[in-house]
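For reference, the chains in residue letters:
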Amino acid sequence: MPKEDYNDFFDGDATENEENGEAQKKEEETPEQIEAKEIERQTIGKPASTLRKAIAILVTTAIIAVALWTTIVFGVPYVNEAQQRGAIVQVRQEGLIFQTFEGQMITDERLADTVHVYQRDFFFSIEDDSIARDLMELQSTGRRVTLSYKEYRGALPWRGSSKIIVTGYKIQ
């Protein structure tokens, strides 16, 4: 069989027409076109999965919702500034990991009410150490104190076990 009757792809010999055709193709393509074809060749068969996109959107939305809820519950005061008047019964430092000051006060409203049965004390936490030390000195003295406080929707361990955080006081 003569060599011209068959093409042997393993020999690497190409006919003259094939070489001219490839040369013409290479001359006609610009580098941008070659790069675009290469990108297209590499990305074919890898379409973006709509399920992956949906899961990513769902997870992102859930993370944002949890962060927003946490900020609202623990970071934004429910009652921005309020006051309570009464006698400090007890202030003590509590906690295993986070040592916080916790206090208890009998309010004047409860002491003055002779009709209803005594319900409960006013429990609070103190972030500032100097305020806590001053209130420790006033405990069980019977002196009336007006506490200024903020109330949050939730308690954080490093802020105290109560949702009520004392920000200041005034001795009456």
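What comes next is a walk through the structure. (Residues numbered from 1 in each chain as written. Predicted model: local features only at pLDDT ≥ 70, side-chain atom pairs only at ≥ 80, totals over all residues. Heavy atoms only, no water.)

Some thoughts on the environment of Q84
Point 1. If you trace the backbone, Q84 turns up in strand β1 (residues 77-94).
Point 2. It is 8.1 Å that separates the C-alpha atoms of Q84 and Y149, two residues lying 65 residues apart in sequence.
Point 3. When neighbours within four sequence positions are excluded, Q84 is seen to be in contact with M105, T107, E109, F122, V145, T146, L147 and Y149. (Helix = DSSP H or I, 4+ residues; strand = E, 2+ residues; numbered from the N terminus. Contact = heavy atoms within 4.5 Å.)

Points about the nonpolar core
Point 1. Membership of the largest hydrophobic core comes to 17 residues, with the highest contact counts inside it found for I88, F122, F124, I126, L135 and L147.
Point 2. Among the secondary structure elements, those contributing two or more residues to this core are β1, β2 (100-107), β3 (122-126), α5 (129-138), β4 (144-152) and β5 (164-171).
Point 3. Of the residues forming this core, the biggest block, four residues, is contributed by α5.
Point 4. Ignoring anything within four residues of it in the chain, the contact list for F122 reads Q84, G103, Q104, M105, T107, L147, Y149 and I164. (Core = buried A, V, L, I, M, F, W, Y, C linked by side-chain atoms within 4.5 Å. Buried < 20%, exposed > 50% of the residue type's maximum accessible area, 1.4 Å probe, protein only.)

Here we look at the pairing of β1
Point 1. In the sheet, β1 pairs with β4 via eight bridges, with the strands oriented antiparallel. Within β4, the residue paired with A87 across the bridge is R144.
Point 2. In this structure, β1 lies alongside β2, joined through eight bridges in antiparallel fashion. Note that in β2 the partner of V91 across the bridge is G103.
Point 3. Hairpin connection from β1 to β2: five residues lie between these consecutive antiparallel strands, with G95 at a positive phi of about 120°. (Pairing = 2+ DSSP bridges.)

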